[in-house]
Amino acid sequence: MAEDKEKTELHLKLIEAWENMPSGAKNLLYKNTDWVKQNVADILKNGRKDESTLEQLLEDIKMASDEIADDINKSNEIVQAL
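What you see is a predicted model, and the numbers here were worked out from it, not measured in a lab.

Student: What exactly am I supposed to notice about the overall build of the protein chain here?
Tutor: Along its length, the protein chain carries 4 helices and 0 strands. Along the protein chain, from the amino end to the carboxyl end, the secondary structure elements read α-α-α-α. On C-alpha atoms alone, the protein chain measures out to a radius of gyration of 15 Å, which is more than a quarter above the 12 Å that the 2.2 N^0.38 rule sets for 82 residues. Dimensions of the protein chain along its principal axes, counting C-alpha atoms only, are 55 × 25 × 15 Å. Across the 82 residues of the protein chain, 32% fall into the buried class. Long-range pairs, those at least 24 residues apart, make up 73% of the contacts in the protein chain with a sequence separation of at least 6. Only carbon and sulfur atoms are counted for the fraction: they give 48% of the accessible area of the protein chain, which is about 6,000 Å².

Here it is, written out as structure tokens:
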């Protein structure tokens, strides 16, 4: 039973992460990983019995968000220096 609750919490974290991704990060996720839009949509809607899949998607979302944030910060530094 605790395992089901844990999966539910992970699924909720995944949904929250997805909803808060910076602009451009979703496209980067699809470009740099093997995820496809339909698979991600299904996982977000229905969850997954395989916890490792949820964890991998969450990690990939974090990676894509970090990369976009780095790009934004670098661009902002250039603009602010002008």
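Next comes the rest of the write-up.
Student: What am I meant to see in the confidence of the model for the protein chain here?
Tutor: Residues shown with low pLDDT carry predicted positions that ought not to be read at fine detail. Taken over all residues, the pLDDT of the protein chain has a mean of 90, while the share at 70 or more is 91%. Ranking the elements of the protein chain by mean pLDDT puts helix α1 (residues 2-19) last, at 78, and helix α2 (residues 25-32) first, at 96.

Student: Hey, could you run me through the pattern of salt bridges in this one?
Tutor: Any two side chains of opposite charge can pair, given that their charged atoms come close. This structure, assessed with the given rule, holds 1 salt bridge. A salt bridge links K62 to E59; the nearest nitrogen and oxygen atoms lie 3.7 Å apart. With a gap of 3 residues between them, K62 and E59 both fall in helix α4 (residues 51-81), about one helical turn apart. For K62, a relative accessible area of 44% translates into the label partly exposed. Residue classification places E59 among the partly exposed residues on the basis of a relative accessible area of 45%.

Student: I would appreciate a short explanation of a negative patch on the surface in the present structure.
Tutor: A cluster of acidic side chains, namely D66, E67, D70 and D71, defines a negative patch on the protein surface. Relative to the helices and strands, E67 is located in helix α4. Under the relative-accessibility criterion, E67 is labelled partly exposed at 32%.

Student: What's the story with helix α3 (residues 37-46) in this structure? I'm lost.
Tutor: Because an α-helix packs 3.6 residues into every turn, residues spaced three or four apart end up facing the same way. Those residues of α3 that sit buried are V40, I43 and L44. Along α3, the residues classed as buried sweep out an arc of 95° about the axis, all on the same side. In α3, those exposed residues whose orientation departs by more than 90 degrees from the buried face are Q38, K45 and N46. A positive phi of about 75° marks G47, the residue just after α3.

The rules behind each value
- Residues numbered from 1 in each chain as written.
- Predicted model: local features only at pLDDT ≥ 70, side-chain atom pairs only at ≥ 80, totals over all residues.
- Heavy atoms only, no water.
- Helix = DSSP H or I, 4+ residues; strand = E, 2+ residues; numbered from the N terminus.
- Rg over C-alpha atoms; globule rule 2.2 N^0.38 Å.
- Buried < 20%, exposed > 50% of the residue type's maximum accessible area, 1.4 Å probe, protein only.
- Contact = heavy atoms within 4.5 Å.
- Areas by Shrake-Rupley, 256 points an atom, 1.4 Å probe, with all protein chains shown as cover.
- pLDDT = per-residue confidence, 0-100.
- Salt bridge = Lys/Arg side-chain N within 4 Å of Asp/Glu carboxyl O.
- Patch = residues over 30% accessible without salt bridge, like charges linked within 9 Å, V, L, I, M, F, W, Y side chains within 5 Å.
- Lys, Arg positive; Asp, Glu negative; His and termini not counted.
- Charge placed at Lys NZ, Arg CZ, Asp CG, Glu CD.
- Arc of directions from axis to C-beta.

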